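In case you want the letters, here they are:
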Amino acid sequence: MDTDVIIVGAGPAGLMLAGELCLAGVRPLVLERQPRLRQTPKANGFNGQIVELMRYRGLLDLVEAASGRPIRPAAGAPFGGVHLDFSQLADPPLWAAPLPQPRLERLLDEHARELGAGIHRGHEVAGVSQDDAMVAANVRGPDGAYQVTARYLVGCDGAHSRVRGTAGIPFPGTTYPEVNRLGQVTLPDSVTRLDNGDLDVPGLGRIRAGFTRTDRGVFGFGSLTAGALLIQTTEDEPGNVDDDAPMTLTEFQDSIRRVLGADLPLGEVIRLSRYGFQARQAQRYRDNRILLAGDAAHQFPATGIGINFGMLDAVNLAWKLAAVISGWAPPGLLDTYHRERHLAGARALLQTQAQVALRRGDDPAAQALGDLFLELLADEQPLRRMGALIAGTDIRYPMPGPSRHALAGTFAPDLTLHTEQGATSVAGLMHTARPVLLDLADRQDLRETARDWRHRIDIHTAETDHRPADALLIRPDAHIAWAAAIGEPAGTAALALREALSSWFGTPR
Ligand SMILES: Cc1cc2nc3c(=O)[nH]c(=O)nc-3n(C[C@H](O)[C@H](O)[C@H](O)COP(=O)(O)OP(=O)(O)OC[C@H]3O[C@@H](n4cnc5c(N)ncnc54)[C@H](O)[C@@H]3O)c2cc1C
């Protein structure tokens, strides 16, 4: 066997997986077909729960430094053409990091290498095969073809995943017949930006800020940074576009001409990209020794969430895979990856397909749906719920065992903690990605119970201002595996904790 884990693809999912595996003690081999770090502009930033998770890993300072802008909750978010306005909420539900994808990938690449991952660029995986003992990848590298074997292989190779294809994992769903083209541009002096944000174009007249539907598609624009506009066209065309193929200025101008019926003069072009929409989900995220994560596992028909869900797949998978490789994983641990992340992907499909219905509808009924939707969002509770859906923070993983605590299965809140060593927080305890038993009520019975697992989990005693439970057992992916209710009797609490520890962290040494 050449290595423990091969990761195919060095996008956000593959690179995050590489770093997380290293933290868990496994050094993977990453094979990426592109010879250099990505230049093609894709995402302009990322949002959702992964932003918080990166803070829990101590990576958010690096993201902030690289983006040159503070990481804040988003003031709003688009939802199928409807604007969700979070600006009035005291603690908005969606965090956003304005770091363009190529810079995110550079940061994750450096981080994973520093931790010990081997990242080989210019190595394309042509196919994979597996038997009960190992998985093999046939690779085309700069020096010719070769084969590499491993105990596990993870396909993080994007929407057109060859790993998924050669492993025979079905990818059912819908490809929408539309192509979106995006250009970040400046405008020449001949085009006037009016005080209310509209455009005045010679020979064309006034174009309203936001989205304009024409006979041939949708034209939209808005400000991204001072001086530059983000322009988008949407046209009905056969879908399944190649997101990675560069878009030319001519292609963009032709599309604008088709949609508006006239030319729009453009100034400096800062970036151009294109994307299509699919709603698809791999039937299985695991096929024996082959696993899928990121766009290889799911495609959502709305922008702004792919990176979040893909990187969260990686965080969920890494420690489970490392446990199997280290030999202490309890039975069934690796299968919880499919169970939990397929569920998360299905939730994301639910809300993004609802966005398609809102966005693509073009009749009075669709208009009524949009108006009604907007009316509901005037209330705080549904607005928060929509924010949580987009962020992926509404997901509660099903937890085995007797714990029925409301926190079990949710993302651990970042409590401020007072310890004998000084002030810290839940995020501060998760930098090394080790599981944590957090004793919040000086419960010696629970600390004693966990002592047998000390080599695998950290045990901390702390006080917090608004104690949500007597103790929390937090997994490396920052999800709560088990919680002791306040005042839960020692006998039952210790028994339940022992059961949770065994089912997530194996038998003690
Ligand atoms: C124009 C555009 C705008 C977007 N905007 C946003 C946004 O604002 N926010 C957001 O969250 N998401 C956005 N997305 C989606 C986001 O870019 C994807 O969800 C994200 O890139 C998925 O990451 P990934 O690591 O799963 O796959 P990818 O980023 O696709 O990475 C896959 C990697 O695998 C490599 N690879 C493929 N096949 C092989 C092979 N056979 N052998 C070796 N290597 C291989 C590829 O070269 C690539 O580097 C946008 C996408 C586009 C196209």
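Here is what the cut-offs are and how they apply
- Residues numbered from 1 in each chain as written.
- Predicted model: local features only at pLDDT ≥ 70, side-chain atom pairs only at ≥ 80, totals over all residues.
- Heavy atoms only, no water.
- Pairing = 2+ DSSP bridges.
- Helix = DSSP H or I, 4+ residues; strand = E, 2+ residues; numbered from the N terminus.
- Core = buried A, V, L, I, M, F, W, Y, C linked by side-chain atoms within 4.5 Å.
- Buried < 20%, exposed > 50% of the residue type's maximum accessible area, 1.4 Å probe, protein only.
- Contact = heavy atoms within 4.5 Å.
- Phe/Tyr/Trp six-rings, centres within 6.5 Å; stacked < 30°, edge-to-face > 60°.
- Salt bridge = Lys/Arg side-chain N within 4 Å of Asp/Glu carboxyl O.
- Polar contact = N/O pair within 3.5 Å; in protein donor to acceptor, adjacent residues only side chain to side chain.
- Near = heavy atom within 4 Å.
- Areas by Shrake-Rupley, 256 points an atom, 1.4 Å probe, with all protein chains shown as cover.

### Some details on the sheet that holds strand S3 (residues 46-47)
Okay, so step 1: Read across the sheet, three strands follow the order S3-S7-S4 without closing on themselves; strand pairing throughout is antiparallel. With one partner strand each, in any of the chains shown, S3 and strand S4 (72-73) form the two edges of the open sheet.
Okay, so step 2: As defined by bridge partners, S4 adjoins strand S7 (residues 95-97) across two bridges and the pair is classed as antiparallel. Looking at S7, one finds that Pro73 is bridged to Trp95.

### Remarks on the nonpolar core
Okay, so step 1: Within the largest apolar cluster, 88 residues are counted, with the highest numbers of intra-cluster contacts made by Phe46, Met54, Leu321 and Leu472.
Okay, so step 2: When residues of this core are assigned to their parent elements, the largest contribution, 10 residues, is made by helix H7 (residues 306-326).
Okay, so step 3: Residues in contact with Phe46, not counting those within four places in the same chain, are Val51, Met54, Val63, Trp95, Ala96, Ala97, Leu99, Leu104 and Ile307.
Okay, so step 4: Leu94, Tyr176, Ile395 and Ile459 belong to the second largest nonpolar core, which has 53 residues in total.

### Overview of the sheet that holds strand S14 (residues 199-201)
Okay, so step 1: The antiparallel open sheet is built from three strands, whose spatial order is S13-S14-S15. In this open sheet, the two strands that pair with only one neighbour each are strand S13 (192-193) and strand S15 (205-207).
Okay, so step 2: In this structure, S14 lies alongside S15, joined through three bridges in antiparallel fashion. Paired with Asp200 across the two strands is Arg206, which belongs to S15.

### A word on the packing of aromatic side chains
Okay, so step 1: What the rule picks out here adds up to nine aromatic pairs.
Okay, so step 2: Each ring, one from Tyr275 and one from Phe277, has its centre 5.2 Å from the other, and the planes form 70°; the classification is edge-to-face.
Okay, so step 3: By relative accessible area, Phe277 is classed as buried at 6%.
Okay, so step 4: Ring geometry for Trp328 versus Phe505: centroids 6.4 Å apart, planes at 50°, classification tilted. Taken as a pair, Trp328 in the loop between H7 and helix H8 (335-360) and Phe505 in helix H13 (residues 490-505) lie far apart in primary sequence, 177 residues in all.

### Comments concerning the pattern of salt bridges
Okay, so step 1: Applying the stated criterion to the full structure yields 37 salt bridges.
Okay, so step 2: Arg443 is the salt-bridge partner of Asp470, the closest N and O atoms lying 2.8 Å from each other. Of the two residues, Asp470 sits in the loop between strand S26 (458-461) and strand S27 (471-474) while Arg443 sits in the loop between strand S25 (436-439) and helix H12 (444-451), which places them 27 residues apart along the sequence.
Okay, so step 3: For Asp470, a relative accessible area of 3% translates into the label buried.
Okay, so step 4: We classify Arg443 as buried; its relative accessible area is 10%.
Okay, so step 5: In the salt-bridge network here, residues are joined through shared partners; they are Arg181, Arg216, Glu235, Glu237, Glu251, Arg258 and Arg274.

### Digging into the pairing of S27
Okay, so step 1: Side-chain alternation along S27 places Ala471 and Leu473 on one buried face and Leu472 and Ile474 on a second face that is also buried.
Okay, so step 2: Here four bridges tie S25 to S27, and the two strands are oriented antiparallel to one another. Its bridge partner being in S27, Val436 is matched across the sheet by Ile474.
Okay, so step 3: Alignment of S27 against strand S28 (residues 480-484), held across four bridges, turns out to be antiparallel. From the neighbouring strand, Leu473 faces S28, where its bridge partner is Trp482.
Okay, so step 4: Counting the residues that bridge the hairpin from S27 to S28 gives five residues, and of these Ala478 lies at a positive phi of roughly 70°.

### Observations regarding the side chain of Asp477
Okay, so step 1: Structurally, Asp477 is set in the loop between S27 and S28.
Okay, so step 2: Within polar-contact distance, the side chain of Asp477 engages the side chain of Arg475 at 2.7 Å.
Okay, so step 3: Once you skip the residues sitting within four places of it in the chain, Asp477 turns out to touch Leu53, Arg57, Val315, Asn316, Trp319, Tyr397 and Phe411.

### Things to note about the site of the ligand
Okay, so step 1: Within the structure, the ligand sits among 33 residues, and Glu32, Arg38, Gln101, Val125 and Asp295 are positioned closest to it.
Okay, so step 2: For the ligand, a nitrogen atom lies 3.1 Å from a polar atom in the backbone of Arg33.
Okay, so step 3: Contacts to the ligand include Gly306, whose backbone N or O atom sits 3.3 Å from an oxygen atom.
Okay, so step 4: Protein chains shield 92% of the accessible area of the ligand, which is 1,000 Å² for the free molecule.
Okay, so step 5: Elements supplying a minimum of two residues to the shell around the ligand: helix H1 (12-23), strand S2 (29-32), strand S9 (124-130), strand S19 (269-281) and H7.
Okay, so step 6: For the shell around the ligand, the element with the most residues is S19, which contributes three residues.

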